[in-house]
Amino acid sequence: MKWKGRRKSSNVEDRRGMSMGKKAAGGGGIIAIIILLISIFGGETGKQIAPILDQFTQSSSLTTETSSARELTAKEKELGDFVATVFADTEEVWTKIFEENGMTYEQPGMVLFTGQVSTACGNASSASGPFYCPGDKKVYMDLDFFKELETRFGAKGGDFAMAYVIAHEVGHHVQTILGITRKVRQIQSGMSKVEANKMTVKQELQADFYAGVWAHHIKQYLEEGDIDEALSAAHAVGDDAIQKRMQGHVTPDSFTHGTSAQRKRWFTKGFKTGDIKQGDTYTAEDL
């Protein structure tokens, strides 16, 4: 992705290098990995993030806050610049799309952190993966996640894999300010767990579609292989791919984000059409 020398967002708060405390007791290991897998990209709905954040909140009581900090490395600073540039692109694209539809886009914030972070949705750790908190309208990311995306999930990696994840989380912000998230929660309140999961899948796939719409509108900055990187990331975090890797079999009723094929399909649809009106995953006959 062509990004150097372009505008960086002023809505990015970089807390990396700041110590948020040290755990007095263990509790990571496989539990942290499982939390990471089930919570990827799902922080936008209360039903998905609440159990995770409850655990983070409980664990945070076992930590001691410190004020130590360290200087970021040159590589870390460059990564922060890349993220801020991608975030600026999302601001410009969604501002334009909203204006074209007679609306005003409210820009979200982004917080980069290491280890632990405090949010309006509760305390969280890097084990949560990237997530969007509707309580403060901010995207939270520990950038070490992208190493996990390659080493644990088998994604190709690359800068546009990161861009896809950022755009997906911003997609949840779009859903929030359009009132979609609230409507989904209302509908889910009267559903069984299985049916509520299906609704969450539709919401996640719409966020993938929105990520594709964003990519459509920044084609001039794309390089060969960028879309392949995004599709590889989408494939890696499909529910079926994760379940096969973790438990050796697939349980469709427990899906909350969609299969690899579905995630790739909706991102691709958004990228090809660039039309926000084509992203109605809720009434689609075939996801």
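Residues numbered from 1 in each chain as written. Predicted model: local features only at pLDDT ≥ 70, side-chain atom pairs only at ≥ 80, totals over all residues. Heavy atoms only, no water.

### A closer look at the overall build of the protein chain
Of regular secondary structure, the protein chain possesses 10 helices and 8 strands. A buried classification covers 51% of the 287 residues belonging to the protein chain. Across the protein chain, the fraction of contacts at a sequence separation of at least 24, relative to all contacts at a separation of at least 6, is 78%. Working note: accessible area of the protein chain is about 12900 Å², and carbon and sulfur atoms make up 51% of it. (Helix = DSSP H or I, 4+ residues; strand = E, 2+ residues; numbered from the N terminus. Buried < 20%, exposed > 50% of the residue type's maximum accessible area, 1.4 Å probe, protein only. Contact = heavy atoms within 4.5 Å. Areas by Shrake-Rupley, 256 points an atom, 1.4 Å probe, with all protein chains shown as cover.)

### Re the nonpolar core
By size, the foremost hydrophobic cluster in this structure holds 57 residues, and its most contacted members are W94, M141, L149, F160 and W214. With 10 residues, the top contributor of residues to this core is helix α5 (residues 159-177). Discounting chain neighbours no more than four positions away, the residues touching M141 are M110, V111, L112, F113, P130, F146, V165 and I166. (Core = buried A, V, L, I, M, F, W, Y, C linked by side-chain atoms within 4.5 Å.)

### Some points on the environment of M162
Summarising the element assignment, M162 is placed in helix α5. Along the chain, M162 and V86 lie 76 residues apart, while their C-alpha atoms are 9.0 Å from each other. Setting aside anything within four residues of it in sequence, one finds M162 in contact with L79, F82 and F146.

### Here's the deal with the pattern of salt bridges
Scanning the entire structure with this criterion turns up 11 salt bridges. The residue R7 makes a salt bridge to E91 at a minimum N-O spacing of 3.0 Å. Residue R7 is located in the segment before β1 (12-14), and its partner E91 is located in helix α3 (residues 74-100); the two are separated by 84 residues in the primary sequence. Measuring nitrogen to oxygen at the nearest pair gives 3.4 Å for the salt bridge that ties E195 to K198. Of the two residues, E195 and K198 both sit in helix α7 (residues 193-216), 3 residues apart, roughly one turn of that helix. Sharing partners across several salt bridges, the network here consists of R7, E91 and E92. (Salt bridge = Lys/Arg side-chain N within 4 Å of Asp/Glu carboxyl O.)

### Comments concerning the packing of α3 against α7
Running from N to C, α3 and α7 point in directions that differ by 95 degrees, and their axes come no closer than 10 Å. As the angle between them shows, α3 and α7 are arranged roughly perpendicular. Residues V86, D89, T90, V93, W94 and I97 of α3 form the contact with α7, whose participating residues are Y210, V213 and W214. Of the residues contributing to the contact of α3 with α7, the split by class is 7 nonpolar, 1 polar and 1 charged. (Axes fitted to C-alpha atoms, helices over the stretch in contact; angles between N-to-C directions. Parallel < 35°, antiparallel > 145°, perpendicular 65-115°, else oblique. Nonpolar A, V, L, I, M, F, W, Y, C, P; charged D, E, K, R; others polar.)

### Quick notes on the pairing of strand β6 (residues 122-125)
Two strands pair when backbone bridges link them, and strand β5 (residues 116-119) and β6 are joined in this way by 4 bridges, in the antiparallel orientation. Each bridged residue has a counterpart across the sheet, and for T119 the counterpart in β6 is G122. Linking β5 to β6, which pair antiparallel, is a turn of 2 residues. (Pairing = 2+ DSSP bridges.)

### Details of the sheet that holds strand β7 (residues 131-133)
Taken in spatial order, the 4 strands line up as β1-β4-β8-β7 in an open sheet, and their pairing is mixed. Edge positions in the open sheet fall to β1 and β7, since each of these has one partner strand only. On average, each strand axis in the sheet is inclined to that of its neighbour by 20 degrees, with strand direction left out of account. As paired strands, β7 and strand β8 (residues 138-141) are joined by 3 bridges and run antiparallel to one another. By the bridge assignment for β8, Y132 is matched with V139. In this fold α3 packs onto β1, β4 (109-112) and β8, with an angle of close to 165 degrees to the strand it touches most, β4. Against the sheet, α5 contacts β4, β7 and β8, and its axis sits at roughly 25 degrees relative to β7.

### Details of the state of the cysteines
Inspection of the entire model under this criterion finds 1 disulfide. Here C121 connects covalently by a disulfide to C133, the sulfurs 2.1 Å from one another. The disulfide joining C121 to C133 has a torsion of about 100 degrees about its S-S bond and is therefore right-handed. One end of the pair, C121, is in the loop between β5 and β6; the other, C133, is in strand β7, with 12 residues separating them in the sequence. A relative accessible area of 24% means that C121 is categorised as partly exposed. Residue class for C133 comes out buried when judged on its relative accessible area of 0%. (Disulfide = S-S within 2.5 Å.)

### Things to note about the pairing of β4
With burial as the criterion, each face of β4 is covered, one bearing G109 and V111 and the other bearing M110 and L112. With 3 bridges joining them, β1 and β4 adopt parallel strand pairing. Across the sheet, the residue bridging to D14 is L112, located in β4. Relative to β8, β4 runs parallel, the two being bridged by 4 bridges.

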